[in-house]
Amino acid sequence: RYLLNFEKYRPSEICILARNSMYREMAYKALKEAGDQSHIIKLGLMETTGENKSGRVSSLHSAKGHEYAAVFIVGMVDGVFPVRGLSPADIDQERALLYVGVTRARDIVYLSYSQSDANGRWLERSRFLRELTTSCDSLVFRQ
C-alpha cells in the first residue's frame, strides 16, 4: 500500500517475482485477499493492452525485457533461490537470474525471505543475500 498511496505508483508499475510456482501462488493469493485483481503472468503473456489496473506476479524468466518502478523478489531462501543441489556453474546461472530480476526495477527492489516455513521449520537466508550485502547502496533486514 505504501508504494500505491505515498509513492503514487500504479499497480501495473509493481511486479512480484518468484523463483518457483509455490511462491508465485502465495504472492498471488496474498494480493487477491488484499483486494487486488492481480494475475499471474506466464511466459508469452507479458504484454497487456490498455491501462492495466492490476499488480503483476511473474517468474523471473518471464520478466526478462520488462521494467517496473518497483520489484519484489520473494522466496530468497537457500534451497529455493538458489535451488538446492546445483553445480557451481548452475549456481552462477541462478545468480544471473537474480540479476535479471533485480535489474527489472527502475526505482526500488525488495528482496524477501522467511525465517521459517508453514510447518515452523527454520529456513536459511539465501547465500545471494549475503553476497549482496557488500555491494548495495542500502540493505535493511527487517523481521
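For clarity, every value in this text was computed on a predicted model and none was experimentally measured.

## Considering the nonpolar core
Ranked by size, the top nonpolar core spans 15 residues in total, and within it Leu-17, Ile-73, Met-76 and Phe-81 carry the most contacts. Breaking this core down by element, the ones donating at least two residues are β1 (14–18), β4 (68–74), α3 (88–102) and α4 (127–132). Residues in contact with Met-76, not counting those within four places in the same chain, are Phe-81, Leu-98, Leu-111, Ser-112, Tyr-113, Arg-125, Ser-126, Phe-128 and Leu-129. Counting ten residues, the second-largest nonpolar core is a separate cluster that includes Leu-31, Val-57, Val-74 and Val-77.

## Examining the packing of aromatic side chains
This model, assessed by the stated rule, comprises two aromatic pairs. Relative to Tyr-110, the ring of Phe-72 has its centre 4.5 Å away and its plane inclined at 10°; by these criteria the two rings are stacked. Residue Phe-72 is found in strand β4, and its partner Tyr-110 is found in strand β5 (residues 105–111); the two are separated by 38 residues along the sequence. Since its relative accessible area comes to 25%, Phe-72 is described here as partly exposed. Look at Phe-81 and Phe-128: their rings are 5.8 Å apart centre to centre, the planes differ by 80°, and that puts the pair in the edge-to-face class. Here the residue Phe-81 occupies a position in the loop between β4 and α3, and Phe-128 occupies one in helix α4, the gap between them amounting to 47 residues. For Phe-128, a relative accessible area of 1% translates into the label buried.

## Looking at the pattern of salt bridges
A complete count under the given rule lists nine salt bridges for this structure. Between Asp-92 and Arg-95 there is a salt bridge, with its nearest N and O atoms 2.6 Å apart. Of this pair, Asp-92 and Arg-95 both sit in helix α3, three residues apart, roughly one helical turn. Asp-92 gets classed as partly exposed once you look at its relative accessible area, which sits at 45%. Look at Arg-95 and you get partly exposed, because its relative accessible area is 29%. Of the charged contacts in the structure, one is a salt bridge between Asp-107 and Arg-106, with a shortest N-O distance of 3.2 Å. A relative accessible area of 44% places Asp-107 in the partly exposed class.

## Considerations on the confidence of the model for the protein chain
Scored by pLDDT, the protein chain has a mean of 81; 78% of the residues are at 70 or more. Across the protein chain, the secondary-structure element scoring lowest on mean pLDDT is strand β2 (residues 39–41), at 52, and the one scoring highest is β4, at 94.

## What about helix α2 (residues 21–33)?
Taking 1.5 Å per residue, 13 residues should reach 18 Å; α2 reaches 18 Å between its end C-alpha atoms and fits that length. Residues of α2 that are buried: Tyr-23, Arg-24, Ala-27 and Leu-31. Seen along its axis, α2 keeps its buried residues to an arc of 100°; they face one direction. Across α2 from its buried face, at more than 90 degrees, point the exposed residues Lys-29, Lys-32 and Glu-33. In this structure Asn-20 caps α2, since a side-chain oxygen of it lies 3.3 Å from the backbone nitrogen of Met-22.

Each value, and the rule that gives it
- Position labels on residues start from 1 in each chain and follow its written sequence.
- Residue-level local features of this predicted model are given only where pLDDT is at least 70; pairs of side-chain atoms are given and counted only at 80 or more, and the full residue set underlies all totals for whole chains, interfaces and linings.
- As a rule here, side-chain values come from all non-hydrogen atoms in the structure, and water together with hydrogens is ignored.
- Nonpolar core, defined: a set of buried Ala, Val, Leu, Ile, Met, Phe, Trp, Tyr and Cys residues in which side-chain atoms within 4.5 Å join the residues together.
- Only protein chains enter the calculation, and the probe is 1.4 Å; a residue is then buried if its accessible area is under 20% of its type maximum, exposed if over 50%, and partly exposed in between.
- Every helix listed is a DSSP run of H or I at least four residues long, and every strand listed is a run of E at least two residues long, numbered separately from the N terminus.
- Contact between two residues is taken to exist if any of their heavy atoms lie within 4.5 Å; hydrogens are not considered.
- Aromatic rings from Phe, Tyr and Trp, with only the six-membered ring used for Trp, were paired whenever their centres fell within 6.5 Å, and each pair was classed as stacked if the ring planes differed by under 30 degrees, edge-to-face if by over 60, and tilted otherwise.
- One side-chain nitrogen of Lys or Arg within 4 Å of one carboxyl oxygen of Asp or Glu is enough to make a salt bridge.
- A score from 0 to 100, pLDDT tells how confident the predictor is in each residue.
- Multiply 1.5 Å by the residue count of a helix minus one, and that product is the helix's expected span.
- Of all possible arcs, the one meant is that of the directions from the helix axis to the C-beta atoms.
- For this analysis, a polar contact is any N or O atom pair within 3.5 Å, provided that within protein one partner can donate a hydrogen and the other can accept it, and provided that sequence-adjacent residues contribute only side-chain to side-chain pairs.

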